[in-house]
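Given next are the chains, with one letter for each unit.
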Amino acid sequence: MTGPDKMAGSALAADRPASKLTSPLVRWWVLYRKEMLESLRSFKLLWMPLVFILIGAMQPVMLHMLPDLLASAGSLPESVLHEIPRPQAFEVLAQTLGQYDTMGALITALAFMAVVSGERASGTAALMLTKPISAAAFITSKWAGLLTITMLSFSAGYAAAWYYTYVLFGAVGAGKFLGSLLLYGLWLVFIGTCTLLFGSLLKSGAAAAFAALGTAAVLSIVSSLYTEQLAWSPGRLPSYASALLTGGDPGSAAAGAAAFTVVCLIAACAGAVAALRTKPSVD
Amino acid sequence: MELMRVENVTKTFGTTQAVKDISFSIGEGRCVALLGPNGAGKTTTIRMLTGLLKPTSGQIRFAGANEADAFRASIGYLPQTPPLYGWMNGLEFLVHCGRASGMTAKAATTAAKELLVRVGLEQAGKRRVGGYSGGMKQRLGLAQALIHKPRLIVLDEPVSALDPVGRREVLELLRELKRETTVLFSTHVLPDAEELCDDVIIVAAGKVAVQGALPDIRREHQQPVLELQTDGSALAMSWVDRWLAAQAGKSYVVEGTRTADGFRLVVSDVPAAQRDLLQALAEADIAVRRMEFGHTSLEDLFMKAVASQ
Ligand SMILES: Nc1ncnc2c1ncn2[C@@H]1O[C@H](COP(=O)(O)OP(=O)(O)O)[C@@H](O)[C@H]1O
Ligand SMILES: [Mg+2]
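Predicted model, so just to flag it, every value in this text is computed and none were measured.

Draft legend 1. Local environment of the overall build of chain A. Counting its regular elements, chain A contains eleven helices and one strand. Secondary structure elements of chain A occur, N-terminal to C-terminal, as β-α-α-α-α-α-α-α-α-α-α-α. For chain A, the residues scored as buried account for 46% of the 283 residues in total. For chain A, the accessible area works out to roughly 13,100 Å², and carbon and sulfur atoms hold 70% of it. Seen as two clouds, the 17 positive and the 13 negative side-chain charges of chain A have centres 18 Å apart.

Draft legend 2. Representation of the sheet that holds strand β5 (residues 75–78) of chain B. All names here are of chain B. Pairing is mixed across the open sheet formed by six strands, whose spatial order is β5-β6-β7-β3-β8-β9. Sheet topology places β5 and β9 (207–213) at the edges, where each strand pairs with a single neighbour. Sheet twist, expressed as the mean angle between neighbouring strand axes with direction ignored, is 15°. Where β5 and strand β6 (residues 152–155) come together, four bridges link them in parallel fashion. Across the sheet, Ile 75 pairs through a bridge with Leu 152, a residue of β6. Each of β5 and β6 is contacted by helix α5 (residues 134–146), which is oriented at about 165° to β5, the strand it contacts most.

Draft legend 3. Broad picture of the interface of chain A and chain B. Taken residue by residue, the interface counts 40 residues in chain A and 47 residues in chain B. At the boundary of chain A with chain B, total buried surface from both sides reaches about 3,900 Å², with 59% on carbon and sulfur atoms. Joining chain A to chain B, the criterion identifies two salt bridges. At the surface where chain A touches chain B, the tally comes to seven residue pairs in polar contact (both at pLDDT 80 or more). Sorting the residues of the side of chain A that touches chain B by element identifies β1 (5–6), α1 (24–41), α5 (114–122) and α6 (124–129) of chain A as the ones contributing at least two each. The element best represented in the side of chain A that touches chain B is α1 of chain A, accounting for eight residues. Taken together, the residues that form the side of chain A that touches chain B break down as 20 nonpolar, eight polar and twelve charged.

Draft legend 4. Representation of the coordination of the magnesium ion (ligand 2). Residues and elements named next belong to chain B. Coordination of the magnesium ion (ligand 2) by the protein is provided by Thr 43 (OG1) and Gln 80 (OE1), with metal-donor distances spanning 2.0 to 2.5 Å. Taken together, the residues span a long stretch of sequence, with Thr 43 in helix α1 (residues 42–49) and Gln 80 in the loop between β5 and α3 (90–100) at a distance of 37 residues. Overall, the relative accessible area of 22% leaves Thr 43 in the partly exposed class. Residue Gln 80 is classed as partly exposed on the basis of its relative accessible area of 37%.

Draft legend 5. Examining the UniProt feature "domain: ABC transporter" (unreviewed entry) in chain B more closely. As recorded in UniProt, the sites labelled "domain: ABC transporter" (unreviewed entry) are residues 4–230 of chain B. Annotated as 36% helix and 30% strand, the span residues 4–230 of chain B places its first and last C-alpha atoms 52 Å apart.

Draft legend 6. View of the nonpolar core. In this structure, Phe 154 of chain A together with Phe 93 and Leu 140 of chain B are the most contacted members of the largest nonpolar core, which totals 153 residues. With 14 residues, the top contributor of residues to this core is helix α8 (residues 174–201) of chain A. Each of domain 1 (2–212) and domain 2 (222–308) of chain B gives at least three residues to this core. Setting aside anything within four residues of it in sequence, one finds Phe 93 of chain B in contact with Leu 127 of chain A together with Pro 83, Leu 84, Tyr 85, Met 88, Val 129, Leu 140 and Gln 144 of chain B.

Conventions we followed
- Residues numbered from 1 in each chain as written.
- Chains lettered and ligands numbered in written order.
- Predicted model: local features only at pLDDT ≥ 70, side-chain atom pairs only at ≥ 80, totals over all residues.
- Heavy atoms only, no water.
- Helix = DSSP H or I, 4+ residues; strand = E, 2+ residues; numbered from the N terminus.
- Buried < 20%, exposed > 50% of the residue type's maximum accessible area, 1.4 Å probe, protein only.
- Areas by Shrake-Rupley, 256 points an atom, 1.4 Å probe, with all protein chains shown as cover.
- Lys, Arg positive; Asp, Glu negative; His and termini not counted.
- Charge placed at Lys NZ, Arg CZ, Asp CG, Glu CD.
- Pairing = 2+ DSSP bridges.
- Axes fitted to C-alpha atoms, helices over the stretch in contact; angles between N-to-C directions.
- Contact = heavy atoms within 4.5 Å.
- Buried area = accessible area lost by both parts, 1.4 Å probe.
- Salt bridge = Lys/Arg side-chain N within 4 Å of Asp/Glu carboxyl O.
- Polar contact = N/O pair within 3.5 Å; in protein donor to acceptor, adjacent residues only side chain to side chain.
- Nonpolar A, V, L, I, M, F, W, Y, C, P; charged D, E, K, R; others polar.
- Donors = N, O, S within 2.8 Å, 3.2 Å for Na, K, Ca; no water.
- UniProt positions renumbered as here; feature names shortened; annotations may be inferred.
- Core = buried A, V, L, I, M, F, W, Y, C linked by side-chain atoms within 4.5 Å.
- Domains from an automatic or database assignment.

See the structure below:
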């Protein structure tokens, strides 16, 4: 986006009193509200929390019913069935987080793959940028929508898991729950933000989702191989979240990873802004 | 009064020069047509005017608003295919565009309702934009460009993709609009430009071929034309061929083309042409159906400008 050059000379159009614009913050809020309204109309605000709740509630219920299921299948002798240890409450919750590793990432990437790339393809992004809307406002309003929806969905799902774990296995402390929620939620937001970035760089939404999931997978694998060297990698966040639950204290490493992830989010948004500014439409 | 001035603007994509050193200005209150065939560089030029593309070199100046936001609030833009949010209804879309352009919720809602009536979408305002027809989308796109009362409206081929009815509707809207504000629109159809605009900028292959006020262009570029229609007999036509072949000796002929039953001459000296030709026709005893002196049309100029690139 370029502004006009200052027009030289006074022989030009007399200044018509320009009607006052609303403040940039108000215009940003208009964009954010549009994002939320769109999520509501497309039922994203409904299905995404529902799927997260389903995944979250399923794991404790499944673990609770596992001995009964195995008994009714009749394939294991009675003596073995009695030896299956009943997991601790915090273990159940940690296993639930493990369920989100694949499904949660996939859902997040799919839910936000069209957010920027769709508007670049349809031309609405370019249209909005010809209005007094900066590329930064355009991207950050979408990012704020992503943050809201992801955290809302994940919190709902994880809270469901917490509740069923409490009912079926026993309580897990609120501190542990909240800490792991924030660490894991940050990881999902990171994946969503990658989708946003790739959506500003690549032509199709599917490619953006694929690239974001690939990045997340590579980051997880590489950082699980080099835990020492990559202690601050966003890919370590899920491990720190479950470590927090199972009693290990991830402490400063987790704080470092969280801080570094925030830096990554800012950099990804800045990258998306720059990409959108240079190529607001796909053609 | 000048509203916008484009100075020596060039745009290069990789190795292709889409726009080559163009300069023009847009006077306040004028309706300007950017006329040229497909691929002439109209869309590229318009994208630079709206700030979507940065010129490779050259300058674009806009009077009044210097600051980027104020500038963007002063222009209204309708791209070649109207980009709309299909999930909104017509009213919601207009209000959203108005608010994004810096209007308050109240002002945007009032203006949106007025505009829906004006572009004939009063009934459709409550329906999802995704279900609109092409003509309705174009009219909503136009309303979107107008809602914040911009000083300059830039429309990229506003009627090219429409059927005759939709085309007529949009042309009528533009006719009203140009009385209220400055309009620049691109087209590849000469009659659209002739019908509406005060000024034309004819572009071909990225360059400005001819520009100016329509009456001035007509006056400056029109040349006398002599059209001869014979009875089309073999005798007459062989005379026509011989006469055209010998035109080198006739200094008043600028350009001669054979038609089905005669010829068409662009001439520099009408009396000389008349004298010489009437004499030759009489000598050869050719049956003449029609002989007419007229002027080259804008169409001729357009075709010539396009062909010479
Ligand atoms: N983003 C782009 N990248 C490369 N070439 C482009 C791009 N945009 C336009 N062009 C080229 O520039 C020329 C002018 O295109 P355009 O401005 O769209 O013409 P018009 O709108 O008059 O039909 C064409 O040859 C086109 O292929
Ligand atoms: Mg075009």
